[in-house]
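# Understanding the architecture of this molecule
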Amino acid sequence: MFGLNADHINLLSKLSLLRVVNAMRVKWGFHYSKWMKKPVLNAQPISLTIEPTTACNLGCPECPSGLKQFTRPEGNLKQEFYKKLIDQTYRKSYYLNFYFQGEPYINPDFLEMVNYADNKNIYTATSTNAHFLNEENAKKTIKSGLSRLTISIDGTTQETYESYRKNGSLDKVIEGTKNVIKWKKELKSKTPYIIFQFLVVKPNEHQIENAKKLADELGVDEIRFKTAQLYNFKHGNDLIPSIDKYARYKKQADGTYRLKNKLLNECWRMWSSCVITWDGKVVPCCFDKDAKYQLGDLQENSLQKIWRSKSYNNFRKALLTNRQEIDICQNCTEGTKVWE
């Protein structure tokens, strides 16, 4: 019906009158701000991204967590702090991205925290490399009420997979996927909606069709192919795919590369969502991986106060006037226009 799948229906089931009204205010505030060229807010964020941990068991070449390149401290989200945050926000915020940097399942309390949000009727999504999805964790995942589980699978042979997912095991990914699907069936659960995510880079682009077949064989709900964000792309990068539709960057006449799409002076995320690090720092979005632009600290102030603060609105104003000057925006596909 109208192209809705089980995941969409589950998300819609989380809506209440208060949440719908808040979402409408967010939408109005965003468009009015674009028109006025200054930030206007009269609502709470629709969604939150909360970081369970900065630790990761893999060493992917374009990931600061895997490469241990953070200047910020490594740690795990604490339950007491997390519950206070959920209690402050759940009446109007209904979507929780429960991942940022790191591998969520490394936090020993991760699934208990998922369950806490589920009990508040919040839609919960996470992304994992699937190396910790043994029988016990797979069963707990289903019981937690997790709404959506994205599993990274960037190759269909071990050689190709580990060319990007350094120190990873494709067999563990497949085994973990099977465990989750098995327990989802045994517990007769409609959730989580299981997605295979294939990050397309040049070394694995020849396995796209094989990945589709593997997804069908295992019985995941969907497979998605994602363009890769690369830090060093201006003078080319061995990871840039040769298949243009999967490349985020385009070669110019002078031989250098640039982001395919033109950045617009707008960003929906800055009105609809925010990112919270494991230790309570509020940052603009998922592109601020090292928390360079800290807009507030939840250990000191409420999210409501930070959300409407001068520092947050100054950042929004910068987006509306000259977004190309903000470094974390220069690799982003949010709020872009395709070059003609």
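Rules used in this analysis
Residues numbered from 1 in each chain as written. Predicted model: local features only at pLDDT ≥ 70, side-chain atom pairs only at ≥ 80, totals over all residues. Heavy atoms only, no water. Buried < 20%, exposed > 50% of the residue type's maximum accessible area, 1.4 Å probe, protein only. Helix = DSSP H or I, 4+ residues; strand = E, 2+ residues; numbered from the N terminus. Pairing = 2+ DSSP bridges. Contact = heavy atoms within 4.5 Å. Polar contact = N/O pair within 3.5 Å; in protein donor to acceptor, adjacent residues only side chain to side chain. Arc of directions from axis to C-beta. Axes fitted to C-alpha atoms, helices over the stretch in contact; angles between N-to-C directions. Parallel < 35°, antiparallel > 145°, perpendicular 65-115°, else oblique. Left-handed = near helix turned anticlockwise from the far one by under 90°.

Our next topic: the pairing of strand β1 (residues 47-50). Residue alternation in β1 divides its side chains into two sets, Ser47 and Thr49 and Leu48 and Ile50, and both sets are buried. As judged from the three bridges shared by β1 and strand β2 (residues 95-97), these two strands associate in the parallel manner. Looking at the pairing, Ser47 lines up with Tyr95 of β2.

Quick look at the environment of Asn76 now. Tracing the sequence through the fold places Asn76 in the loop between β1 and α3 (79-89). In this structure the C-alpha to C-alpha distance between Asn76 and Asn5, which are 71 residues apart in sequence, comes to 33 Å. Once residues lying within four places of it in the same chain are set aside, the contact partners of Asn76 are Pro52, Thr53, Ile106, Asn107, Pro108 and Trp278. A polar atom in the side chain of Asn76 sits 2.6 Å from the side chain of Thr53.

In this section: helix α5 (residues 135-144). If you check which residues of α5 are buried, you get Asn137, Ala138, Thr141, Ile142 and Ser144. When α5 is viewed along its axis, its buried side chains cluster within an angular range of 160° and face the same direction. Gly145 sits one or two positions beyond α5 and adopts a positive phi of about 90°.

Pairing is mixed across the open sheet formed by nine strands, whose spatial order is β6-β5-β4-β3-β2-β1-β10-β11-β12. Taken across any chain shown, the strands that pair with only one partner, and hence form the sheet edges, are β6 (222-227) and β12 (296-297). Here strand β10 (residues 273-276) pairs with strand β11 (residues 281-283) via two bridges, running antiparallel. Counted as the bridge partner of Ile276 is Val282 from β11.

Let's shift gears to unusual backbone geometry. In this chain, Thr191 is followed by Pro192 through a cis amide linkage whose omega measures 0°. Despite not being glycine, Lys37 has its phi angle at roughly 65°, a positive value. Looking at the element boundaries, Lys37 is found in the loop between α2 (17-36) and β1. Look at Lys37 and you get partly exposed, because its relative accessible area is 46%. Residue Ala291 is not a glycine yet carries a positive backbone phi of 55°.

Tracing the backbone through its elements, the reader meets Asp288 in the loop between β11 and β12. For the pair Asp288 and Lys37, spaced 251 residues apart in sequence, the C-alpha to C-alpha distance is 23 Å. Not counting chain neighbours up to four residues away, the residues in contact with Asp288 comprise Phe100, Val283, Tyr293 and Ile328. A polar contact of 2.8 Å, which involves the side chain of Asp288, links it to the backbone nitrogen of Tyr293.

Moving on: the packing of α5 against helix α7 (residues 170-186). Packing of α5 against α7 leaves a shortest axis separation of 8 Å and a crossing angle of 50°. As far as their axial angle goes, α7 and α5 are oblique. Regarding α5 and α7, the two cross each other, and that crossing is right-handed. Packed against α5, whose contacting residues are Glu135, Ala138, Lys139 and Ile142, the element α7 presents Asn179, Val180, Lys182, Trp183 and Lys184 at the interface.

Quick look at α3 now. For an α-helix, the turn length of 3.6 residues means that residues three or four places apart are oriented alike. Of the positions making up α3, those classed as buried are Gln79, Phe81, Tyr82, Leu85, Ile86 and Thr89. Down the axis of α3, the sector holding all buried residues measures 160°, keeping them to one side. The outward face of α3, more than 90 degrees from its buried face, is lined by the exposed residues Glu80 and Lys84. Looking at the buried positions of α3, the neighbouring elements they touch are β1, β2, α4 (110-119), β10 and α10 (303-307).

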